[in-house]
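Single-letter residue listing:
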Amino acid sequence: MTEASRHGGQPSPPTPRVRLVDVAREAGLSKTTVSAALNGTGRLSPEVRERARETARRMGYRPNATARHLRAGRARLIGYVVGEFAAAPWTFLESPYFARLTGATAATALRRGYAVVLLPAGSLQSEWADLSLDAVVVADPVADDPVVEGLLAAGVPVFTDRSVEGTPGAYWVDVDAAGAVREALDHLREQGARRPVLVVPDSTTRFHAEVFAAHREWCAAHGLPERTVRVGEAGNGPVVRGVETALTADGPERPDALLVVAEASPPLVLEAARRHGYGVPDDLLVVLVSEDATALHTDPPVTTLSLRPEAVAEAGVEHLVAVLEHGRREPAGTLVPTRLDVRASSVRTGRSR
């Protein structure tokens, strides 16, 4: 039986919230005395303090968190938005990297007493401009990101990537994209690759711009042509099609290695290689920028380049706390090194790293 049927088809009225004044009346104390007792302040006898607390417990009184935070000057709410996914604001949770970065940011912030609010990227003014946010984390902003610009103009502290370095009110954490690309390509070259292909998103984020630049410099330094496939959309389907495009060249252009920066499922990338007649690693070496745990369990296990989302989250929250609680005002940032986890997909028989 539903609540509506028990009350003649009408839903039960909501239980009125117990107010501080209700507790004071029940306990026979003033509102000020009860407030002091519950907050652990004031010069009260143990008996009075316990009477106020026991009455509050019995009546189910809960402090108004919003009012308490406003009195403290902070809501302890941190906005979180992924700039690269502005057109489809919630799909970033389908990405293993962003899922781990988001979860690590929320967990790390909560340990420091802050709650994370997920926000859509494309509508700064309409949905969330009026929220009482202490600061906003903007992960992977696009070039000239309007969300970052709008927040800085409103005086809201912004935590994002290195594109804001030196900007007042902005703080950054980034990964060493150039170092990561060089390490991965050097590893492939050590394993005998001479025709590597880069599969990368067609994106304007700082990270991907640095990937392009580092790849170009590495190819020039080794006298190799730039072989690049740009993927226009995120997701397994578009990225696997990009991988297949990279694998269609024949003869002297036939690739012998892939560095896939666009995030995709490791099993699907290996299956695409097999469909096109490549054996991994004998014909084709494979390195993926990925946080997908399936890379450990494929045949062969796939070499991954990790952007270390947990380390990024930890460094970002440390900056946040320094600004909000310790009054840091000067711009600051942290560069997080990446990690290359070498597995069988990028190691030729008889060779070692």
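Structural notes, computed from the coordinates. (Residues numbered from 1 in each chain as written. Predicted model: local features only at pLDDT ≥ 70, side-chain atom pairs only at ≥ 80, totals over all residues. Heavy atoms only, no water.)

**Description of the packing of helix α10 (residues 236-246) against helix α11 (residues 266-275)**
Formally: The axes used here are C-alpha line fits, helices contributing only the stretch in contact, and every angle between their N-to-C directions lies in the interval 0 to 180 degrees. Here a helix means four or more residues in a row that DSSP labels H or I, a strand means two or more in a row labelled E, and each is numbered from the N terminus. The crossing is said to be left-handed when, going from far helix to near helix, the turn is anticlockwise and less than a right angle, and right-handed when the turn is clockwise. Note on contacts: a residue pair qualifies if any of its non-hydrogen atoms lie within 4.5 Å across the two residues. Here the nonpolar group is Ala, Val, Leu, Ile, Met, Phe, Trp, Tyr, Cys and Pro; Asp, Glu, Lys and Arg are the charged ones; every other residue, Gly included, is treated as polar.
In the contact formed by α10 and α11, the axes pass within 10 Å of each other and the chain directions differ by 35 degrees. As for the relative orientation of α10 and α11, their crossing is right-handed in sense. Every residue of α11 that contacts α10 at Asn236, Val240, Val243 and Glu244 is listed here: Leu268, Val269, Ala272 and Arg275. Considering only residue class, the contact of α10 with α11 consists of 5 nonpolar, 1 polar and 2 charged.

**What to know about the nonpolar core**
We count it as follows: Note on terminology: a nonpolar core comprises buried Ala, Val, Leu, Ile, Met, Phe, Trp, Tyr and Cys residues joined through side-chain atoms within 4.5 Å. Relative accessibility under 20% of the residue-type maximum defines a buried residue, over 50% an exposed one, and the middle range a partly exposed one, all with a 1.4 Å probe and only protein chains included.
With 53 residues, the main nonpolar core has Phe98, Leu101, Val211 and Val261 as its most contacted residues. Contact partners of Leu101, with chain neighbours within four places excluded, come to Tyr80, Ala139, Pro309, Val312 and Ala313. Core analysis: the next-biggest nonpolar cluster, separate from the first, contains 24 residues, Ala246, Ala262, Val286 and Leu288 among them.

**A closer look at the packing of aromatic side chains**
Our working rule: Centre distance within 6.5 Å is the pairing criterion for rings of Phe, Tyr and Trp, where only the six-membered ring of Trp is used; planes under 30 degrees apart are then read as stacked, over 60 as edge-to-face, and the remainder as tilted.
Applying the stated criterion across every chain, the model contains 4 aromatic pairs. Seen in terms of ring centroids, Tyr97 and Phe98 are 5.0 Å apart; in terms of plane orientation they differ by 70 degrees. Their pairing is edge-to-face. Both residues of the pair, Tyr97 and Phe98, count as buried. Judged by centre distance (5.3 Å) and plane angle (25 degrees), the rings of Phe159 and Tyr171 are stacked. Taken together, the residues span a long stretch of sequence, with Phe159 in strand β4 (residues 158-160) and Tyr171 in strand β5 (residues 170-175) at a distance of 12 residues. Accessibility classification places Phe159 together with Tyr171 in one group, the buried group. In textbook terms, an aromatic cluster arises when at least three aromatic residues are bridged by ring pairs, as seen for Tyr80, Phe92, Tyr97 and Phe98.

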